[in-house]
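This is what each chain is made of:
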Amino acid sequence: MTISIPPVNEGDSIKLQPKGFLRYFSFSLDHKVIGLQYLVCGFLFYLIGGVLAGAIRIELTSPISDFMARDVYNQVLTLHGTIMIFLWIVPVVNGAFGNYLIPFYVGARDMAFPRLNAVAFWMIPPAGLLLISSYFINGAAESGWTAYPPLSITTPAAGQLIWIFSVLLLGGSSIFGGINFIATILKLRRPGLRLMNLPMYCWAMLGTSILVVLSTPVLAGTLVLLSFDIVAHTGFFNPALGGNVVVYQHLFWFYSHPAVYIMVLPAFGLVSEILPVHCRKPLFGYTTMVYSIMAIVVLGFVVWAHHMFTSGTPPWMRLFFTIATSFIAVPTGIKFFNWVATLWGGRISLNSAVLFSCGFIINFVLGGITGVALAQVPFDIHVHDTYFVVAHFHYIVYGGSVFVIFSSIYHWYPKFTGKLLNENLGRIHFLLTFIGFNLCFAPQHWLGLNGMPRRVAEYDPQFTLVNQISSAGALLMAISTLPFLWNVFYSAFKGTIAGDNPWQALTPEWLTSSPPPIENWEGSAPLVTKPYGYGLDPKAIKNESTENIEEEI
Amino acid sequence: MTILTQSSDSKPEVQTNQEEEEEHGDHRMFGLATFLVADGMTFAGFFAAYLTYKAVNPLLPDSIYELELALPALNTILLLVSSATFHRAGQALKRNDSKICQRWLLLTAGLGLAFLASQMVEYFTLPFGLTDNVYASTFYALTGFHGLHVSLGAIMISIVCWQARSPNGRITNKNTFPLEAAELYWHFVDGIWVILFIILYLL
Amino acid sequence: MPKSSAPLIIGLIIALVVGGILIGENINLLPVDASSNATVYDELFKVLFSIGTILFLGIVGLVIYSLIRFRRKPGQIGDGLAIEDNLPLEIFWTAVPTIVILFVGLYSYDIYDRMGGMQSLQHANHNSQQMAANQRIWGGIGSGSISANNMEGKVGALPVEVTAMQFAFLFHYPKGDILTGELHVPVGEPVSLRMESKDVIHAFWVPEFRIKQDVIPGQPTILNFTPTKPGRYPIICAELCGPYHGGMRSTVVVEESNDYQTWFEKNSKDITTQT
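Rules and cut-offs
- Residues numbered from 1 in each chain as written.
- Chains lettered and ligands numbered in written order.
- Predicted model: local features only at pLDDT ≥ 70, side-chain atom pairs only at ≥ 80, totals over all residues.
- Heavy atoms only, no water.
- Helix = DSSP H or I, 4+ residues; strand = E, 2+ residues; numbered from the N terminus.
- Rg over C-alpha atoms; globule rule 2.2 N^0.38 Å.
- Buried < 20%, exposed > 50% of the residue type's maximum accessible area, 1.4 Å probe, protein only.
- Contact = heavy atoms within 4.5 Å.
- Areas by Shrake-Rupley, 256 points an atom, 1.4 Å probe, with all protein chains shown as cover.
- Buried area = accessible area lost by both parts, 1.4 Å probe.
- Salt bridge = Lys/Arg side-chain N within 4 Å of Asp/Glu carboxyl O.
- Polar contact = N/O pair within 3.5 Å; in protein donor to acceptor, adjacent residues only side chain to side chain.
- Nonpolar A, V, L, I, M, F, W, Y, C, P; charged D, E, K, R; others polar.
- Phe/Tyr/Trp six-rings, centres within 6.5 Å; stacked < 30°, edge-to-face > 60°.
- Lys NZ or Arg CZ within 6 Å of the ring centre and 35° of its normal.
- pLDDT = per-residue confidence, 0-100.
- Patch = residues over 30% accessible without salt bridge, like charges linked within 9 Å, V, L, I, M, F, W, Y side chains within 5 Å.
- Lys, Arg positive; Asp, Glu negative; His and termini not counted.
- Axes fitted to C-alpha atoms, helices over the stretch in contact; angles between N-to-C directions.
- Parallel < 35°, antiparallel > 145°, perpendicular 65-115°, else oblique.
- Left-handed = near helix turned anticlockwise from the far one by under 90°.
- Domains from an automatic or database assignment.

1. Examining the overall build of chain A
Counting its regular elements, chain A contains 18 helices and 1 strand. Taken over the C-alpha trace, chain A has a radius of gyration of 23 Å; the compact-globule value for 553 residues is 24 Å, and the two agree within 12%. Expressed as lengths along the three principal axes of its C-alpha atoms, the size of chain A is roughly 75 × 45 × 45 Å. Here chain A, with 553 residues, has 73% of them falling under the buried criterion. By sequence separation, contacts in chain A at least 24 residues apart represent 82% of the contacts at least 6 residues apart. As displayed, chain A has an accessible area near 15900 Å², and 71% of this comes from carbon and sulfur atoms.

Spelled out as structure tokens, the structure:
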């Protein structure tokens, strides 16, 4: 262990970076700093998106449009969707945890392209600020995050163009990140580390990055065409010039369905990291988990038109996409059974990380079941574009991805800061979020089935009560953020010292100090070929020091 | 290293290794290739849109799209030849013959500019404008996006050419990355043109 | 797993399946079924609801049971069971979703076919005034086998032309040249809507009929249905179409034949059809 630290590609410039707290505001090339920049920046946008969601829920407590002007309502829902997807979930599940963890997992000192990595992050804050500022300039885009033409062409152009520009920036950032992850995972692995030794999150990020690199450019191209239609009055999506509005939907969903997996696959990976540590068990069915991720990636490219069952698609197409979409349930189901099997027979510490992970499993199973139902054309033609769909995808992206983000924060906060988060506050946070979330979104299934379309500011008065219940749930969700924020700030200063490896975890990021040194390990990177080797050798356990485990219980 | 004793399995799994200190290779070409795959997907989206329009949208009245083949065919030849000349430039650099390398690069850039000029001539002789109808719009979007790539390539070649000006310049047979990167990009742009030519003009 | 627990597990699984089916059959989450499509749809819904309930309760039950049964008790140290893999189990839980999916897929195909989704759309009675260039119909639901049965011995479906615009639906009856903002249809007779939008994309949705079809500018779509219960049902625009999207609603009035005939004659401008 006396080997000197070898410089990475741009090691010299890393040493020139600012130290201390300031480095989080700098063009840092350190993957850990960039990861935390992604996380905090994403969380700030989450708070903004949450305020917008609150505005929507306040408007919907009464069946008439009374809280804000109708066009403002459409701007709010557009911003809410865009911010939550492009500025919160995608950057956090990919950028934040990916940047922080992947170099550890492959045994590298940084990402393959540190400078590109920093550029990718620094594209996000300006894009996000631009997007939000469009509301104050001339009104934000008001055609939903899907921006279907001709609506997006006929609504005020300034807001729509700013929206397009921001999404292009965010898409570019996402592509750069994806390239970096693929190169890091495939090319930067430490000698001796085989692909099938990698922690599951690496596989999830590899799959996700393939989706990002192959699908995001199509969205970018489509949005450029849309902007031409707005600015230069070209005819891509203008029926009067022979254009075709459904072509936009095909191109848009060719990205935006994989985007669902871009938000969810990394979450799957993170859960696969968290559960084995706190259950003290190996991840069940590693090999099938890897294959099911890859199956989801492949299938993810051939299911997009299930968003268009009512858009005027020919019957054969509806049939094909129904079948393809349904079959995504198979690899996804495998993953869920494997997680349950990981829980089975474990020594589960019921801490906040595990609670949020299990909350994710429960929510996502419901979202997955409604997803399979929505894939069936005859079922979908009734509930398409209704609150049933709203409920479904919030179960996927909030109940799924956001729960995992919170779980991951509880799990890796000790690594980020060297302090433990307060368990009691964490459990209160979990309870409030879980109850609030289900109270908010479960009733929306019924609303959709009974005739409430999505994206409306006014609705049939018979739905008032259920909408008010839903808004009450949203209020609980908003309140749930408070103990979390307090916990994060309080623990950063006064939290219990965590030690380097409070969870006794075996994955490589825990085999260094907390927080880790600038190039991840003082010595050389450890070779971890069994990241989930819990309980494999009972004799070794007897010798272990158990203080930390005791504490955590 | 207290961690090692704490849990289960131990030394064969967690160990340090001398090999690790080998320097990581240069992965920039890999990164560029991945980026070009992404770029190619943008074109793929445009091609898919064009083919869909062609398959399902009826022609508007008064629109005939018999594109002249002579000029684009000449353009195809120009780009294919330029790929070959770029390859020769790379070979010259490996021999550390910067003069010859520069000559081939200049020729390549010239061919690229000739392509752009000939593309301009085609634009000005076409019977339709950008906003006439969806075919016109798609035609200009596809060829324009490709032309943008060619222009970028020409600029890149000029920079590479300047950097390779002498055996002591930035680009030598020891540092071939900028030239190789530009070459890979140029071949990519040529490949896209061949597909574009087949889809837009021949089909 | 000890052998003695096998009957308990089998019992639990049976209880779960029976419970799921009972819940799916008996809890109604849907509004009135007022078209021939709706009854078929509700059949599918019950099956999906039952399967979904069984899977959801099963998995949630397993998770909660594991969390309680395998939680770390105070003073307990050491790791859990080091089981990394179990091929028969993996095969089992790959097979189960596959079989469920295949069943659901085949079943929903059957349902879709019965709704008329797989029928050719060109068949509807709207080919009279349209230009050749616009003949291509872009989707929707063709007249299903059920309405075909109803049509035996009768004239074809009642054609209505629907025009959607910001923020209203207009209905035009070619037979009597009636233009109205409220759709009137006779109960028990097939109706065929030919829909086109004047500006942006809208969607025609009648929750009580369980049908929805986007109304697209430049591309006509077709929607066929047979109302089965008299009443007034909302027509809702389900595709974001602008600031007043939430207010873009209309009504479909399903009437007994006599009432419909009265309405038709009162509004008809074409005297020849009034015989």
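2. As for the environment of M477 of chain A
Residue and element names in this part refer to chain A. Tracing the backbone shows M477 in helix α16 (residues 464-494). Here the alpha-carbon distance between M477 and I435, two residues 42 residues apart in the chain, equals 8.1 Å. When sequence neighbours within four positions are dropped, the list of residues in contact with M477 reads Y398, T433, G436, F437, C440 and F441.

3. A look at the interface of chain A and chain C
Taken residue by residue, the interface counts 92 residues in chain A and 84 residues in chain C. Each partner contributes to the roughly 7600 Å² buried at the junction of chain A and chain C, and carbon and sulfur atoms together form 69% of this total. Counting across the chain A and chain C interface gives 2 salt bridges. For E84 of chain C, the salt bridge is made with K530 of chain A, and the minimal N-O distance between the two is 3.8 Å. Where chain A meets chain C, there are 18 residue pairs in polar contact (both at pLDDT 80 or more). A total of 13 residues in the side of chain A that touches chain C trace back to one element, the largest contributor, which is helix α11 (residues 315-343) of chain A. Considering only residue class, the side of chain A that touches chain C consists of 49 nonpolar, 27 polar and 16 charged.

4. Here's the deal with the packing of aromatic side chains
Per the stated rule, a full pass over the model turns up 80 aromatic pairs over all chains. With a centroid separation of 5.1 Å and 85° between ring planes, the pair formed by F252 of chain A and W253 of chain A is classed as edge-to-face. Neither F252 of chain A nor W253 of chain A differs from the other in exposure class; each is buried. Judged by centre distance (6.0 Å) and plane angle (35°), the rings of Y260 of chain C and F264 of chain C are tilted. Linking Y260 of chain C with F264 of chain C, this pair stays in helix α5 (residues 257-267), spanning 4 residues, or about one helical turn. Accessibility expressed as a relative area gives 6% for Y260 of chain C, which makes it buried. Using a relative accessible area of 6% as the deciding quantity, one classes F264 of chain C as buried. Seen from the ring of W205 of chain C, K212 of chain C lies directly overhead, with NZ or CZ sitting 4.4 Å from the centre.

5. Description of the confidence of the model for chain C
Residue and element names in this part refer to chain C. Put simply, chain C has an average pLDDT of 83, and 83% of its residues get 70 or more. By mean pLDDT, helix α4 (residues 145-151) is the weakest element of chain C at 38, and strand β10 (residues 231-237) is the strongest at 95. Confidence over residues 123-135 falls short of pLDDT 50; this stretch has 20 contacts with residues more than four positions distant or in other chains. Every residue in residues 143-154 scores below 50 in pLDDT, and together they form 22 contacts with partners more than four places removed in sequence or on other chains. Reported confidences for the modelled complex are a pTM of 0.90 and an ipTM of 0.90.

6. Structural notes on a nonpolar patch on the surface
Nonpolar side chains collect at one region of the surface, where L51, L69, I198, L202 and L203 of chain B lie side by side and expose about 440 Å² of accessible area between them. Residue placement: L69 of chain B occurs in the loop between α2 (28-56) and α3 (70-94).

7. Digging into the environment of A154 of chain B
All names here are of chain B. Within the element layout of this structure, A154 appears in helix α5 (residues 134-163). For A154, a relative accessible area of 8% gives the class buried. For the pair A154 and Y140, spaced 14 residues apart in the sequence, the C-alpha separation amounts to 20 Å. Apart from residues lying up to four places away in sequence, A154 is in contact with L113 and W186.

8. Describing the side chain of E239 of chain C
On the secondary structure map, E239 of chain C appears in the loop between β10 and β11 (249-255). Put simply, E239 of chain C is tucked away with no salt bridge, and the nearest opposite charge, on R455 of chain A, sits 4.6 Å away. Excluding anything up to four places from it in sequence, E239 of chain C contacts Y148 and D385 of chain A together with I201, H202, A203, D214 and H245 of chain C.

9. Thoughts on the packing of helix α3 (residues 70-106) of chain A against helix α8 (residues 200-231) of chain A
Residues and elements named next belong to chain A. Interhelical geometry of α3 versus α8 gives an angle of 135° and a closest axis separation of 10 Å. Between α3 and α8, the angle is such that the two are oblique. Crossing angle aside, the handedness with which α3 passes α8 is left-handed. Contacts from F86, V93, N94, F97, G98, L101, I102, Y105 and V106 of α3 reach α8 at Y201, C202, M205, T208 and L219.

10. A few points about the domain arrangement of chain C
Interface size is often expressed as the accessible area that is lost when the parts come together. All names here are of chain C. Looking at the assigned domains, one finds that chain C contains domain 1 (3-72 + 82-114) and domain 2 (127-274). Taken together, the contact pairs 15 residues of domain 1 with 16 residues of domain 2. Area buried by domain 1 at its contact with domain 2 is led by A34, S36 and N37, which between them contribute 40% of it. For the pair domain 1 and domain 2, the number of links is 2 salt bridges. A salt bridge links K229 to D33, with the nearest nitrogen and oxygen atoms 2.9 Å apart. Linking domain 1 to domain 2 there are 9 residue pairs in polar contact (both at pLDDT 80 or more).

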